[in-house]
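Summary of structural features
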Amino acid sequence: MDWLEAQNVSHEVHNVTTADGYQLQVQRLPHPGARAVLLVHGLLGSSLGWVCLGPERSLAFQLHQRSYDVWLANLRGVAPYGRQHIDLTDVMADFWRFSFHEHGAYDLPAIIDHMAEVTGGEQQDRGGGRGPSADGVGEEEEEQMPRQVLLIGHSQAFNAFLVLCSVHPRFNHRIQLMQALAPLARLHRQVRFDSFQVRHLMKFVKKRQKGNNFEIFPPGYFRKICQSKRDLCEYYTKQLAGSSQSNKRLLEAFNYENLLQGGSAREIKHLHQIWKSGDFISYDYGPVENMQIYHRVEALSYNVSQITVPIVLYFGETDAVATPEGVHEIYARMLMSVKSVRRINSPKFNHLDFLVSNDIKSLVNDKLIEQMEQFLEGRLPYVIE
């Protein structure tokens, strides 16, 4: 990764192929034998969001400096790290037939299984071994050490996590803790933008699809638009993405290139369906296709009540997408799993501030690492803010 090389940071690049043929590039800041942490980006994001503020402030570097084995996911559709497929190319409509469902059902399982394979192999090479051949420890205990992963996700990554644990229940045992920054789930009456703004966005999505542009906001799109329509860009950025803290920072082309890496129109449509239905549902293809895919007329509701992974939720006071109300609604639906709900201690903190706020280290990263370490030591306080 050019950005990591420019920072002179030791890193590895891993190529992961999903069960349905997408080839994803995953980056790693290695600490073999240490606890593995997987950072998962949100809608239109990429692994660059976790490193773009440099070694002093970005979460990936902070975790690595504290001797965690840090892995950076790139989900399908991300430019340039999720644009390969065994049979398809990214100019084909079929390549873009995905939403967060596929991120959770295919991408995350492939990445987490690959991590387990690599770290398990390293452990055997070191001769440490938790396996029966080394010290008589049973397989059940062996599973605990190298194969569990600490998950940290931004925004729509939480949706992918919910799908992962609903569709593949085995990951309830593989994920030790999920820390969700600005998480989304149900959106109905829980977002701070109105139906006019939603209609405007969906009109834009339909227009792109009619023009056979199945990718939404491709790389370079925002740079171009924000040069010609700066006022409009500033308005939407301030409303939907960043607070006054980071508004200027967000409008720098560098950050657009690093934060917004493209995605599929279907991702937006799926979120729109959730917004309209008021429930956390799988993608609704319409009655005929639903019958073929789900064997029922309606889309599926994910059974999130069965998820047992401990969860910590974080929200910003002025987040227009993952609002305080929306995050507390997740807590209310997942009382058994949610161990803590934390408000970012700033009067203005919006959706992308979790990645680019000037005060990200003290407001987010330090707190998140502290919570994680308290959890690992068995002393995480139950706090609902």
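Scroll up for the structure.
A quick note: this is a predicted structure, and the numbers were derived from the prediction, not measured.

1. Considerations on the overall build of the protein
- A count of helices and strands for the protein gives 17 helices and eleven strands.
- When each of the 385 residues of the protein is scored for burial, the buried share is 56%.
- Working note: accessible area of the protein is about 17,000 Å², and carbon and sulfur atoms make up 50% of it.

2. Quick notes on the pattern of salt bridges
- Applying the stated criterion to the full structure yields 16 salt bridges.
- Arg28 serves as the salt-bridge partner of Glu122, at 2.8 Å between the closest nitrogen and oxygen. One end of the pair, Glu122, is in helix H3 (residues 100-125); the other, Arg28, is in strand E2 (residues 22-29), with 94 residues separating them in the sequence.
- By relative accessible area, which is 0% here, Arg28 ends up buried.
- Here Asp107 ties to Arg76 by a salt bridge, and the two come within 2.8 Å at their closest N and O atoms. Placement of the pair is Asp107 in helix H3 and Arg76 in the loop between strand E4 (69-72) and strand E5 (84-85), with a sequence separation of 31 residues. The same class applies to Asp107 as to Arg76, namely buried.
- Through salt bridges with shared partners, one network takes in Glu12, Arg28, Asp69 and Glu122.

3. What about the nonpolar core?
- Core analysis: the biggest nonpolar cluster contains 105 residues, and Leu38 and Phe161 have the highest contact counts within it.
- When near neighbours in sequence (up to four residues on either side) are disregarded, Leu38 contacts Trp71, Ala73, Leu108, Ile111, Ile112, Met115, Val149, Leu150, Leu151 and Ile152.

4. Description of the side chain of Gln374
- Looking at the secondary structure, you find Gln374 in helix H17 (residues 360-376).
- Accessibility expressed as a relative area gives 11% for Gln374, which makes it buried.
- Those residues in contact with Gln374 that lie beyond four places of it in its chain are Arg379, Leu380 and Pro381.

5. Concerning the packing of H3 against helix H6 (residues 157-167)
- Where H3 meets H6, the closest approach of the two axes is 8 Å, and the angle between their N-to-C directions is 75°. As summarised for this structure, H3 and H6 are arranged roughly perpendicular, according to the angle between their axes. Taken together, the residues of H6 that come into contact with H3 (itself represented by Phe100, His101, His103, Gly104, Ala105, Leu108, Pro109 and Ile112) are Asn159, Ala160, Phe161, Val163, Leu164 and Val167.

6. Re the pairing of strand E11 (residues 338-343)
- Relative to E11, strand E10 (residues 311-315) runs parallel, the two being bridged by five bridges. Residue pairing for E11: Ile311 is matched across the bridge by Val338.
- Each parallel crossover has a hand, and for E10 linked through helix H15 (residues 324-333) to E11 it is right-handed.

Definitions and limits used
Residues numbered from 1 in each chain as written. Predicted model: local features only at pLDDT ≥ 70, side-chain atom pairs only at ≥ 80, totals over all residues. Heavy atoms only, no water. Helix = DSSP H or I, 4+ residues; strand = E, 2+ residues; numbered from the N terminus. Buried < 20%, exposed > 50% of the residue type's maximum accessible area, 1.4 Å probe, protein only. Areas by Shrake-Rupley, 256 points an atom, 1.4 Å probe, with all protein chains shown as cover. Salt bridge = Lys/Arg side-chain N within 4 Å of Asp/Glu carboxyl O. Core = buried A, V, L, I, M, F, W, Y, C linked by side-chain atoms within 4.5 Å. Contact = heavy atoms within 4.5 Å. Axes fitted to C-alpha atoms, helices over the stretch in contact; angles between N-to-C directions. Parallel < 35°, antiparallel > 145°, perpendicular 65-115°, else oblique. Pairing = 2+ DSSP bridges. Right-handed = clockwise from strand over helix to strand, strands pointing away.

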